[in-house]
Amino acid sequence: MTIRLYNTLTRKLEEFTPLEPGKVGFYSCGPTVYHYTHLGNLRTFLHNDFLKRMFLANGYDVRHVMNITDVGHLTNDEDDSGEDKMEKGASRENKSVWDIAKFYKDEFLRDYNDLNMIAPTVMPHATDYIAEQIELVQKLQDLGYTYEIPNDGIYYDTSKFSAYGALTGGSLSGNRAGARVGFNDAKRNPTDFALWKYSPKDTKRQMEWDSPWGVGFPGWHAECSAMSMKLLGNHFDIHTGGEDLSRVHHANEIAQSEPITGAPWVNTWLHYSFLLDKSGEKMAKSKGEFLGLESVRSRGYDPMVYRYFVALGHYQSQLAFSWETMDASAKGYANLVRRVADLLSSDGQDINQGLYDKWHEDMLNAISDNLKTASVLVMFQEIIKSAEIDNATKLALTVFVDDLLGLQFIDRAKKLVALEQVSAPAEIVALAERRVTAKANRDWATADALRAEIESAGWTVLDGKDGYKIVKRA
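Everything numeric in this text was worked out from a predicted model, so none of it was measured. (Residues numbered from 1 in each chain as written. Predicted model: local features only at pLDDT ≥ 70, side-chain atom pairs only at ≥ 80, totals over all residues. Heavy atoms only, no water.)

J.: Is there a simple way to think about the state of the cysteines in this case?
T.: The tally for this structure, following the rule as stated, stands at zero disulfides. Distance from the sulfur of Cys-29, which forms no disulfide, to the nearest cysteine sulfur (Cys-224) is 4.0 Å. By relative accessible area, Cys-29 is classed as buried at 9%. Relative accessible area serves as the criterion here: at 1%, Cys-224 is assigned to the buried category. (Disulfide = S-S within 2.5 Å. Buried < 20%, exposed > 50% of the residue type's maximum accessible area, 1.4 Å probe, protein only.)

J.: It is not clear to me how the pattern of salt bridges should be interpreted in this structure. Could you clarify?
T.: Where charged atoms of side chains with opposite charge meet at close range, the side chains can pair. This structure, assessed with the given rule, holds 30 salt bridges. Two residues, Asp-302 and Arg-412, come together in a salt bridge whose shortest N-O distance is 2.5 Å. Linking Asp-302 in the loop between helix 8 (293-298) and helix 9 (303-311) with Arg-412 in helix 14 (residues 409-420), this pair joins segments that are 110 residues apart in sequence. For Arg-412, a relative accessible area of 16% translates into the label buried. Taking the shortest distance from any N to any O, the salt bridge between Arg-412 and Asp-411 comes out at 2.5 Å. (Salt bridge = Lys/Arg side-chain N within 4 Å of Asp/Glu carboxyl O. Helix = DSSP H or I, 4+ residues; strand = E, 2+ residues; numbered from the N terminus.)

J.: Any chance you could explain the sheet that holds strand 8 (residues 153-156) here in plain terms?
T.: Adjacent strands of a sheet pair through backbone hydrogen bonds, lying either parallel or antiparallel. Across the sheet, which stays open at both edges, the four strands sit in the order 7-8-9-10 with antiparallel pairing between neighbours. Lying at the two open borders of the sheet, with one neighbouring strand each, are strand 7 (146-149) and strand 10 (216-218). On average, adjacent strands in this sheet sit at an angle of 25 degrees to one another, irrespective of strand direction. Taken strand by strand, helix 4 (residues 130-142) contacts strand 7, strand 8, strand 9 (193-198) and strand 10, and its axis lies near 120 degrees from that of strand 9. (Pairing = 2+ DSSP bridges. Axes fitted to C-alpha atoms, helices over the stretch in contact; angles between N-to-C directions. Contact = heavy atoms within 4.5 Å.)

J.: So what exactly am I meant to see when it comes to empty space enclosed by the protein here?
T.: Vacant regions in the atomic arrangement are exposed by a probe of water-molecule size rolled over the atoms. For the structure shown, the criterion picks out one cavity of 30 Å³ or more. A volume near 70 Å³ is recorded for the largest cavity. Along the wall of the largest cavity there are eleven residues; nearest its centre are Gly-72, Leu-74, Asp-80, Trp-220 and His-221. At the level of elements, strand 5 (74-76), strand 9 and helix 6 (220-232) are the ones that each hand at least two residues to the lining of the largest cavity. Each residue belonging to the lining of the largest cavity can be placed in one class, and the counts come to three nonpolar, five polar and three charged. (1 Å grid on protein atoms, 1.4 Å probe; cavity = no way out; pocket = protein on both sides within 12 Å on 5 of 7 lines; lining within 4 Å. Points joined across faces, edges and corners; volume = space filled by probe spheres on them. Nonpolar A, V, L, I, M, F, W, Y, C, P; charged D, E, K, R; others polar.)

Structure (structure tokens):
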């Protein structure tokens, strides 16, 4: 199957050609574990999962590296200023930095698992690769790319790298304007960035290490280059991240890597668009209402509804989040689960191989063409509703879609069937019968009130052409 992806570096859709036939190595920027992960970050991780599942469906051996940032990420990414986010988190909660890192990593992994994302092949922590980051800085120093700012740290001189900013379509001069919110007058260029920061003289950090330049800690950008080289080699296939990383973080990664590895360091760069909040702004930890997966769970949504919502969009387009869109997604997801539940009795029957192969190829083509997950869902809905496709073939294609999009239709359908086998108590049946009478009398207010009473007791009434069914709520 031909795979095409939009490469941020070349700004065009390209046919993917692996460095090694049948294998793909990709690096994705992971979480900074100083706080809960918000839904915008989780959208990025879900697109990584769709990418991985697409390659697996095409028969590739996938090596996926995703870092855990537990040091060096300052509160102002733009000009290497402010507090270390990990140290700030520890101060906020009166805990050690190590405890903060463990707690929020565990919370992140809980969200990751609840959203049914395949675990990375390797998930390295920045604090476990300090030696490799120091070695990276030493190599750049030997090559003449660094300079020191006394009482601050070792900085990368971006004027020495002619291709700086190429990822976003510019050169050093093109990327200079607005490239930093603030400007440290000690820097040679506004775009220069910290490779190694010295510990403050008047404060002892919880995370600091000896280095050839003194006690300190690595700059945030250093970890991704050092760990990807160590775990994927000096050249690898794909690097991914949110669109906000392309202009600074990923530009800096390229600048500090390619003098060592040669160009191109990475063949394909994928960047995922923002999730927007109700105000139309980028969802972020630092502003507005914090929305993490716990907010989804606490409102009674299955985490799969959020995964379904993300799959209905495209990674290159911004996606607007609201509870109204979640309601619509919940309804759409539940309808598909209901239809799949009705197919489960077909398990074990013979499928129509020709029909299966046709739809299998069409859906795999769609996701292989720049990750068109929404197109897969449109085709899946057509399959489920079609009178021309037998139930056994529909069920077999559902299994394929579950592997491709990770939406767990089969799992949720089996749980729904199990709930439907639980008999409702007499008082709930009585309420449902009263509701039938109210509907017959066109007393919609009473019918709605009775439905609400039934649901508050933990049951749901499903109306159908042959009457109603009462099922236990999940």
